[in-house]
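Close look at the chain arrangement
Listed below, chain by chain, are the residues.
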Amino acid sequence: MKLSATKTEISRSSSLLREISSLPRMMNVLKALKIERSNRQIQLEKFFKTSLVLIALGILILVVCFFLTLVVQSMPSIKALGFGFLFGKTWDPVSNVYGTYPFLLGTLLTSFLALIISVPFSFAIAIFLGEYYPRGWFSEFLKNSIELIAAVPSVIYGFWGLFVLVPLVRSLEIKMGVTPYGIGIFTSALILAIMIVPYAASLGREMIRMVPSSLKEAAYSLGATRFEVITAVILPYAKSGLMAGVLLSLGRALGETMAVTMVIGNTSLIPKSIFAPGNTMASVIANEFTEAASSLYLSSLIELGLVLFLVTVVINLIGKRIIKRFTTE
Amino acid sequence: MVILFSVICTVPLFVILIYILKEGITKINWHFLVNLPKPVGETGGGIANALIGSLLIVFFAAVIAIPIGIMGGIYLSENKKSWIATYTRLSVDVLQGTPSIVVGIVIYFWIVKPLSTFSALSGSVALAIMMLPIVVRSTEETLKLLPDSLKEAGFALGLPYQKVILRIILPCGFSGVISGVILAVARIAGETAPLLFTAFGNPYFSTNILKPMQSLPLLIFNYATSPYDEWHDLAWGAALILLLWVLLLNIITKIITRKWKIQF
């Protein structure tokens, strides 16, 4: 019994010896596997990191190519018409005369009128939600409905405006004794005003909430009324932020196409009064792009798009820069 | 007076909602949803091609924009100081401010002219470009909220970089990223101007993405500005469907943000 035990012991110990002698080889195999796995890991990591950088570069190149495409495609009209393009008063594609002053005027008129109409409302909402009722069910309800105004697509605003607002404005014009077009600069400014209220309102609300409460409490302790605190402490402090909100609303109003196209009347003449039909840069592109027969026509439309692009982008960037400076102060 | 002004603001929204509900609800029935638009003068007809077209175009736009947007947002939130990040942030801001019609013009020259046909693909690319800034921005803001200790813990355990980002950081900020994506989809579902000369519209039913395709906002625009009453009815029904869809997406976003709020 003892002999067989020792025999198995010997065999077991010899097999163990064999394994122990092959251990360095196994260690090498394991090490090789580990190196291969970590090489693969490093490769995957590098792949992921470079693809992140490439995608970011891709976005950058996309925007640069955007701008270049606009410039290249509007080159024929820039060469042929020069600066008179911006100041010419007649837009007559049939006789190849392209002056975009009516559209510039139409865009500026609608956007600034919309801004003037909407700014009191935006500021009122910002003050109401920032100072009077920062919390509570009514403030949540108001905040959500203002954000919902921004979410509704613009064609629906144009559609509703065309069928509901235009007859209302028409009856107003009849009462005022003006030519009752119904459509025109005034109607489109009204619809734009409704559409751009949320941008200044939500931004203004954030800015007003960021006013440090120590300033407000100091004013209250000196005996100021709520109105005085708002006008003398909060508004001057949040002034730049509110301006940025107004600028962002302006940028949105300048680029708005669909709602304005449906109610502005599409007349390529200088509007005679606020109640007359006109045209904006965006709506003339939307209407005439697919029907531009000659290449000069097409490239003047694209030059119009380039001007629109530059103006809107500059206004938006200035607004965002002001916000960034205000929030990191 | 402030209260008066604030409340007056919400009046137009509810007036619009109720008016569209009133006008559109009588026009929607099963025939409306499955038929094609009929020629002028014939009653009946529906908006089936616009519904399917909208779904296809928005789906492809989301497929293109979501991966690129999320990766871009991850890069921007990881590197704050490199020059690529600064200029990419600037270009995302520029993209966010471009008017939608300018996007349509550029895609016309990039895709429609080379393929020499209007196509749903070009419409999808244009809508993807409009979606990109929103997705990048919301991903970046969400990932900036997360504390650095999560990432450091992942690295300390020996995880590679891509696993840390894709398996730890991104699932933590999931609600913010998803809400940005759904908001972007809701925004482009209602966009018409880029589609005016890229997808162009199609009176027939088509699922070929290399051919022109009808879309819900395009249909509303074309039919609302037409002089035919039957087309106006179709446009009211389509407007109601679009409005309900966009409102539903926005409500879903709010619920997601509230339920899975990122709190650290």
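Parameters at a glance
- Residues numbered from 1 in each chain as written.
- Chains lettered and ligands numbered in written order.
- Predicted model: local features only at pLDDT ≥ 70, side-chain atom pairs only at ≥ 80, totals over all residues.
- Helix = DSSP H or I, 4+ residues; strand = E, 2+ residues; numbered from the N terminus.
- Buried ≥ 20, exposed ≤ 12 C-beta atoms within 10 Å, placed from the backbone.
- Contact = placed C-beta atoms within 7 Å.
- Core = buried A, V, L, I, M, F, W, Y, C linked by C-beta atoms within 7 Å.
- Domains from an automatic or database assignment.
- Nonpolar A, V, L, I, M, F, W, Y, C, P; charged D, E, K, R; others polar.
- pLDDT = per-residue confidence, 0-100.
- Axes fitted to C-alpha atoms, helices over the stretch in contact; angles between N-to-C directions.
- Parallel < 35°, antiparallel > 145°, perpendicular 65-115°, else oblique.
- Left-handed = near helix turned anticlockwise from the far one by under 90°.

On to the overall build of chain B, then. A count of helices and strands for chain B gives eleven helices and zero strands. Secondary structure of chain B in N-to-C order comes out as α-α-α-α-α-α-α-α-α-α-α. With respect to the principal axes defined by its C-alpha atoms, chain B has extents near 70 × 55 × 35 Å. Counting across all 264 residues of chain B, residues that qualify as buried make up 48%. For chain B, contacts bridging at least 24 residues in sequence account for 75% of all contacts bridging at least 6.

This part covers the overall build of chain A. Check the secondary structure of chain A and you find 13 helices and two strands. Overall, chain A is about 130 × 70 × 35 Å in size when its C-alpha atoms are taken along their principal axes. Intrachain contacts of chain A at a sequence separation of at least 6 include 74% that bridge at least 24 residues.

Our next topic: the nonpolar core. Core analysis: the largest hydrophobic core is formed by 164 residues, its most contacted members being B:M131, B:I220, B:A238 and B:A239. Sort the elements by how many residues they give to this core and helix 7 (residues 185-209) of chain A lands first, with 17 residues. Here this core spans two domains, and each of domain 1 (2-73) and domain 2 (84-327) of chain A adds at least three residues to it.

What follows deals with the interface of chain B and chain A. With 58 residues of chain B in contact, the opposing surface of chain A contributes 59 residues. Counting residues per element, the ones that place at least two in the side of chain B that touches chain A are helix 1 (2-25), helix 3 (48-78), helix 4 (83-97), helix 5 (100-115), helix 8 (161-172), helix 10 (216-224) and helix 11 (229-259) of chain B. For the side of chain B that touches chain A, the element with the most residues is helix 1 of chain B, which contributes twelve residues. Each residue belonging to the side of chain B that touches chain A can be placed in one class, and the counts come to 44 nonpolar, 13 polar and one charged.

In this structure, A:P271 sits in the loop between helix 11 (258-263) and helix 12 (281-288). Look past the residues within four positions of A:P271 in its chain and what remains in contact with it is A:L105, A:G106, A:L109, A:I185, A:A276, A:P277 and A:G278.

Turning our eyes to something else, we now look at the confidence of the model for chain B. Residue and element names in this part refer to chain B. The share of residues in chain B with pLDDT of 70 or more is 99%, and the mean pLDDT across the chain is 88. Here helix 2 (residues 30-34) is the element of chain B with the lowest mean pLDDT, 79, and helix 6 (residues 120-145) is the one with the highest, 93. This prediction of the complex comes with two scores: 0.87 for pTM and 0.89 for ipTM.

Our focus in this paragraph is the packing of helix 5 (residues 137-151) of chain A against helix 7 of chain A. Residue and element names in this part refer to chain A. Taken N-terminus to C-terminus, the directions of helix 5 and helix 7 make an angle of 130°; their axes are 8 Å apart at the nearest point. Viewed along their axes, helix 5 and helix 7 adopt a mutual orientation that is oblique. The hand of the helix 5/helix 7 crossing is left-handed. In this structure, helix 5 uses I146, E147, I149 and A150 to contact helix 7, whose residues at the interface are I194, V197, P198, Y199, A201 and S202. Residue classes in the contact of helix 5 with helix 7 are distributed as eight nonpolar, one polar and one charged.

So, about the environment of A:S300. Residue and element names in this part refer to chain A. With respect to the helices, strands and loops of the structure, S300 is situated in helix 13 (residues 295-327). For the pair S300 and V197, spaced 103 residues apart in sequence, the C-alpha to C-alpha distance is 32 Å. Residue contacts for S300: discarding those within four places in its chain leaves S77, L81, F85 and Y98.

In this section: the domain arrangement of chain A. Annotation of chain A at the domain level lists domain 1 (2-73) and domain 2 (84-327). Placing a centre on the C-alpha atoms of domain 1 of chain A and another on those of domain 2 of chain A gives a separation of 57 Å.

Right, let's get into the confidence of the model for chain A. Close inspection of predicted coordinates is inappropriate in any region flagged by low pLDDT. Of the residues in chain A, 93% have a pLDDT of 70 or more, and the chain-wide mean is 86. Across chain A, the secondary-structure element scoring lowest on mean pLDDT is helix 3 (residues 84-87) of chain A, at 79, and the one scoring highest is helix 6 (residues 154-176) of chain A, at 91.

All names here are of chain A. Even without a glycine there, the phi angle at N96 is positive, about 60°. Relative to the helices and strands, N96 is located in the loop between strand 1 (91-92) and strand 2 (97-98). Judged by C-beta crowding, with 12 C-beta atoms within 10 Å, N96 ranks as exposed. For N266, which is not glycine, the phi dihedral falls at a positive 50°. Relative to the helices and strands, N266 is located in the loop between helix 11 and helix 12.

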